[in-house]
Amino acid sequence: MRLVLDASAAVRLVMRAEAADKLLEPVSAATVVIAPSLYASEVANALWKYVKAGSLEAETALGRYEEAINLIDDFTPDRELATEALTEAVRYRHPVYDLLYAVLARRTGGALLSMDQRLKTLLDRMGIDTISTAVPKYR
């Protein structure tokens, strides 16, 4: 199985949030885990927010960032996805950065693992597979 991992799920996983093991199952079962290059910036920004809030030390954030990057087997440059993502963003009135993940999943026939419920709803409308996990809503 080809899996597209988005930053919301990756951060939840590397932060060892409640039920992170449920997210690890599909990542471990995938034959290949892929993401758009935007993933690296999104993960870094999310970890920075934890540091800013005082709930994570900077050194720990750097380690968690490396963990999140190492979850990905292959990154696709955003520029290869952006035109199609912009077209779909206009069509569905949804942010381009989420559509980068959606377009990558559609192009590769992969399923997308995300904690973003709004994105999951859109993916259903677009006919793109998502991985369903019994994970409580992210706080």
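### As for helix H3 (residues 38–52)
For H3, which comprises 15 residues, the first-to-last C-alpha distance of 21 Å matches the rise-based estimate of 21 Å (1.5 Å per residue) to within 8%. Tucked into the core, H3 has its buried residues touching strand S1 (2–5), helix H1 (7–14), strand S2 (32–36), helix H4 (58–70), strand S3 (74–76) and helix H6 (96–108). Looking one or two places after H3, you find Gly54, whose phi comes out positive at around 85°.

### Some thoughts on the layout of surface pockets
Put simply, the largest pocket is a space of about 440 Å³. Taken together, 17 residues line the largest pocket, and the ones lying closest to its centre are Ala7, Ser8, Glu42, Ala46 and Lys49. Sorting the residues of the lining of the largest pocket by element identifies H1, H3 and H6 as the ones contributing at least two each. Residue contributions to the lining of the largest pocket peak at 5 residues, all from H3.

### A closer look at the environment of Val27
With respect to the secondary-structure elements, Val27 resides in helix H2 (residues 20–29). Classification of Val27 by relative accessible area gives buried; the value is 8%. Linking Val27 and Ile69, residues 42 residues apart in sequence, is a C-alpha distance of 13 Å. What Val27 contacts, discounting residues up to four positions off in sequence, is Leu3, Leu5, Leu13, Val33, Leu71 and Leu113.

### What about the nonpolar core?
With 50 residues, the main nonpolar core has Leu5, Val27, Tyr39, Val43, Leu71 and Leu113 as its most contacted residues. It is H6 that contributes the most residues to this core, 7 residues altogether. Residues within four places of Leu71 in sequence aside, it is in contact with Leu5, Ala10, Leu13, Val14, Val27, Val33 and Tyr39.

### Details of the pairing of S1
A regular strand carries its side chains on alternate faces of the sheet. Where S1 meets S2, 3 bridges bridge the pair, whose relative direction is parallel. Residue Val4 lies in a different strand from S2, and its bridge partner there is Ile34. Relative to strand S4 (residues 111–113), S1 runs parallel, the two sharing 3 bridges. Its bridge partner lying in S4, Leu3 is registered against Ala111.

### Thoughts on the confidence of the model for the protein chain
Of all residues in the protein chain, 94% attain a pLDDT of 70 or more, and the chain-wide mean is 94. Per-residue pLDDT stays below 50 along residues 134–139; that stretch engages in 15 contacts with residues further than four places along the chain or on separate chains.

### Let's talk about the side chain of Ser114
Mapped onto the elements, Ser114 comes out in the loop between S4 and helix H7 (117–126). Those residues in contact with Ser114 that lie beyond four places of it in its chain are Asp6, Ser8, Ala9, Leu119 and Lys120.

Cut-off values and rules
- Residues numbered from 1 in each chain as written.
- Predicted model: local features only at pLDDT ≥ 70, side-chain atom pairs only at ≥ 80, totals over all residues.
- Heavy atoms only, no water.
- Helix = DSSP H or I, 4+ residues; strand = E, 2+ residues; numbered from the N terminus.
- Expected span 1.5 Å × (residues − 1).
- Contact = heavy atoms within 4.5 Å.
- 1 Å grid on protein atoms, 1.4 Å probe; cavity = no way out; pocket = protein on both sides within 12 Å on 5 of 7 lines; lining within 4 Å.
- Points joined across faces, edges and corners; volume = space filled by probe spheres on them.
- Buried < 20%, exposed > 50% of the residue type's maximum accessible area, 1.4 Å probe, protein only.
- Core = buried A, V, L, I, M, F, W, Y, C linked by side-chain atoms within 4.5 Å.
- Pairing = 2+ DSSP bridges.
- pLDDT = per-residue confidence, 0-100.

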